[in-house]
Amino acid sequence: MSLTAYKETAHTNSYQFTAGTGYELPEYPFVAPPELQSKEAVRHPVVIVGGGITGLTLACSLARLGVKAVLIDEDNTVGVKGASSRGICYTQKSLEIFERLGIFERIAAKGVQWSVGRTFAGEDEVYSFDLRQQGNFHLSSQPPFINIQQFYIEGFLVERIQELGVVDLRWQNRLTAFEQNAECATLTVETPAGSYPIEAEHVIDATGSHSPLRKWLDVPFDSRRGDDRWCIADVRFSTRPPLERHTWIEAPFNENRAVWQHLMADDVWRIDYQMAPNADPEYVSREDVVRERLQRQFGADVQVDIVWVGPYAYRSECVHGMRHGHVYLMGDSAKVVSPFGARGGNTGVADADNLAWKLAAVLRGKAAPALLESYNQERLEAAQQNVNVTNRTARFLRPADGSERLFRQAAIGLAKQYPFARSLINTGRMAVANPYSRSSVCSYAPGSAAGQSVQNVHFAWADGQPGKVNDLLDWAAGDLLLLVFGEPSHTGLQRLRRLAATAPVRSVQVVDARSAPQAAEHVLDSEGQLQGACQMSGHGWALLRPDGYLAASGDAINGGLVEAIERSLGLRGDTP
């Protein structure tokens, strides 16, 4: 591939935002990179292009694992100038990841927790939920969701990366050219002080939906663009609405179009209004028009402080592959989804969490390079799932004339009277940790929950002090974590000791009220939360990856466990 220059690209997901003035973003100083003096291309193991939530999560994850990397970003701040609000809703899985990275407490202190959602059609409530009463949301040490403006999380990630001191953050460093061969990739970077070349064994494309790298590599992708138009109003109220997620499919105060209502940090409410398909972005975002819209919803006497306004449109895209030579596509570079169900930024966070431990294991020589192929297998499956789910929501909210509109009308009518029909109301299927069903590094034995995410549930350490899954993953320090339930045999214990000496695996015995500890490294699971999170029953073992996903499980400590460990590290090429 020859060196190619590219024109300036937007940093938005095809969102047509107006400029806002209500948010003040931090600014980071430009520091001249050492390559500017030498003009020699220094080779780095990892170069991350893009300092949004996805790139910063990867950088922080690598720093936590002690992997040196360089992150370049053409801006000098987090968020997007003039469109700094953007994502607001972060899922339990993302919050579990942020706890491992050391920023969850900052997010929890700044953001707003919520679990109740209500959906209305006209004046009628047709559907409601409380996530604390669904599935196992209540078992994790993290809440189901926290609402917080995206730039706050990005700022916390920058702070944490600086605290860890392993990753080199380079602001006002713009990628202008790229080439790669079998040995490495070479990037040309432009700065206020001049240009320089940099080499990388692995390049992470976290530049967003207008990725220049994706264009240079001519990555094939599927795309869909609709005519749906929306307008955001971020406001503070004199009186506070209920602390719940409210959704109107047909809002009488918005010409029977959809409306979303969420509380974020700083006592700011995010109101999303669905506009007419031919709406003029400049007109719908005018302050007088926005205030009139708010008065129709909240009453003529409502007192509001408009923090930020922005009209937007969206599209959906999904690449056919997320790895191309030395380049790994991540976040919006790989897939673009409509903003329903919080499946945009959250899946970018999961992309980063998936790749970070694999890069660390390979670069440390603890895993085979083949492990990196599983990033494409697993996260492409997740991307395809999320695009499909959000496309269905977009079609429900903006149905085509004919069968789609008839279905929506029927679903709304039935849901007002019959509970069974409420699941047909689709205002956004809230994001969850995507399962992996076709990964070459998971062992899919009958009855195993391999490929599923394990929640950050509670247990007790041997001394009775409280602990959680993330503590065990921290203790494993980037290695695989083997949980042994019940009382292993004498032969099994010997095999575990040999494994500990020869493989990057940390083992811990999990005992309940009926079992006796046989290992110095053991924890107490008296309530069975660990066993339940791994979908285990009785004696056996569960193999957890550093990203909290279950790689394999089994009944006996035998050759099957050894095979599962080898597969999890990319050392077996056969089909699971």
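Placed above this text is the structure.
Residues numbered from 1 in each chain as written. Predicted model: local features only at pLDDT ≥ 70, side-chain atom pairs only at ≥ 80, totals over all residues. Heavy atoms only, no water.

Peer 1: So what's going on with the packing of helix α3 (residues 92-101) against helix α12 (residues 469-476)? Which residues, and what values?
Peer 2: Where α3 contacts α12, the axes come no closer than 10 Å and their chain directions differ by 45°. Comparing their axes, α12 and α3 come out oblique. When the axes of α3 and α12 are compared, the crossing they make is right-handed. For the pair formed by α3 and α12, the contact residues are Glu96, Glu99 and Arg100 on the first element and Asn470, Leu473 and Asp474 on the second. For the contact of α3 with α12, the residue count by class is 1 nonpolar, 1 polar and 4 charged. (Axes fitted to C-alpha atoms, helices over the stretch in contact; angles between N-to-C directions. Helix = DSSP H or I, 4+ residues; strand = E, 2+ residues; numbered from the N terminus. Parallel < 35°, antiparallel > 145°, perpendicular 65-115°, else oblique. Left-handed = near helix turned anticlockwise from the far one by under 90°. Contact = heavy atoms within 4.5 Å. Nonpolar A, V, L, I, M, F, W, Y, C, P; charged D, E, K, R; others polar.)

Peer 1: Can you break down the sheet that holds strand β16 (residues 269-275) residue by residue, with the values?
Peer 2: What the 7 strands build is an open sheet, ordered β6-β5-β14-β15-β16-β13-β17; its pairing is mixed. Each edge of the open sheet carries a strand with a single partner, namely β6 (124-130) and β17 (304-312). Strand-to-strand twist of the sheet, defined as the mean angle between neighbouring strand axes without regard to direction, takes the value 15°. Pairing geometry for strand β5 (residues 116-121) and strand β14 (residues 245-251), over 5 bridges, is parallel. Its bridge partner lying in β14, Ala121 is registered against Glu250. The strands touched by helix α8 (residues 287-298) within the sheet are β13 (229-237), β14, β15 (257-263), β16 and β17, with β16 carrying the most contacts at an inclination of about 100°. (Pairing = 2+ DSSP bridges.)

Peer 1: How would you sum up the pattern of salt bridges? Please name residues and give values.
Peer 2: Where charged atoms of side chains with opposite charge meet at close range, the side chains can pair. Taken as a whole and judged by the stated rule, the model has 37 salt bridges. Where Arg160 meets Glu163, a salt bridge forms, and the shortest distance between an N and an O atom there is 3.2 Å. Taken together, the positions of Arg160 and Glu163, both in helix α5 (residues 150-164) and 3 residues apart, correspond to about one turn of that helix. Under the relative-accessibility criterion, Arg160 is labelled partly exposed at 21%. Accessibility expressed as a relative area gives 47% for Glu163, which makes it partly exposed. Asp288 is the partner of Arg286 in a salt bridge, and the nearest nitrogen-oxygen pair spans 2.8 Å. Three or more residues joined by partner-sharing salt bridges are found here, namely Arg106, Glu159, Arg160 and Glu163. (Salt bridge = Lys/Arg side-chain N within 4 Å of Asp/Glu carboxyl O. Buried < 20%, exposed > 50% of the residue type's maximum accessible area, 1.4 Å probe, protein only.)

Peer 1: Describe the packing of α3 against helix α9 (residues 345-363), and please don't skip the residues or the numbers.
Peer 2: Interhelical geometry of α3 versus α9 gives an angle of 45° and a closest axis separation of 9 Å. Of the possible angle classes, the one that applies to α3 and α9 is oblique. Here the hand of the crossing between α3 and α9 comes out left-handed. Two secondary-structure elements touch here, α3 through Ser94, Ile97, Phe98 and Arg100 and α9 through Asn346, Val349, Ala350 and Asp353. Tallied by class, residues from the contact of α3 with α9 come to 4 nonpolar, 2 polar and 2 charged.

Peer 1: How would you summarise empty space enclosed by the protein if you had to cite specific residues and measurements?
Peer 2: Evaluated as defined, the whole model comprises 7 cavities of 30 Å³ or more. Roughly 90 Å³ of volume is contained in the largest cavity. Every residue along the wall of the largest cavity is listed here: Thr91, Lys93, Ser94, Asn346, Thr347, Ala350, Arg379, Ala431, Val432, Ala433, Asn434 and Tyr549. Every element with two or more residues in the lining of the largest cavity is listed here: α3 and α9. Split by residue class, the lining of the largest cavity holds 5 nonpolar, 5 polar and 2 charged. Looking at the second largest cavity, its volume works out to about 80 Å³. Contributing elements (two or more residues each) for the lining of the second largest cavity: α2 (53-64), α3 and α9. (1 Å grid on protein atoms, 1.4 Å probe; cavity = no way out; pocket = protein on both sides within 12 Å on 5 of 7 lines; lining within 4 Å. Points joined across faces, edges and corners; volume = space filled by probe spheres on them.)

Peer 1: Quick one: what's the story with unusual backbone geometry, residue by residue and with numbers?
Peer 2: Positive phi outside glycine occurs at Asn256, with the angle close to 60°. The residue Asn256 is located in the loop between β14 and β15 in this model. At Asp267, a residue that is not glycine, the phi angle is positive and equals roughly 60°.

Peer 1: Give a detailed account of the environment of Arg43, specifying residues and quantitative values.
Peer 2: Of note, Arg43 is situated in strand β1 (residues 42-49). As for Arg43 and Ala556, which are separated by 513 residues in sequence, their C-alpha atoms are 45 Å apart. Beyond its immediate stretch of four places on either side in the chain, Arg43 contacts Glu183, Cys184, Glu199 and Glu201. One polar contact links Arg43 to Glu183, side chain to side chain, over a distance of 2.9 Å. At a separation of 3.0 Å, a polar atom in the side chain of Arg43 contacts the side chain of Glu199. (Polar contact = N/O pair within 3.5 Å; in protein donor to acceptor, adjacent residues only side chain to side chain.)

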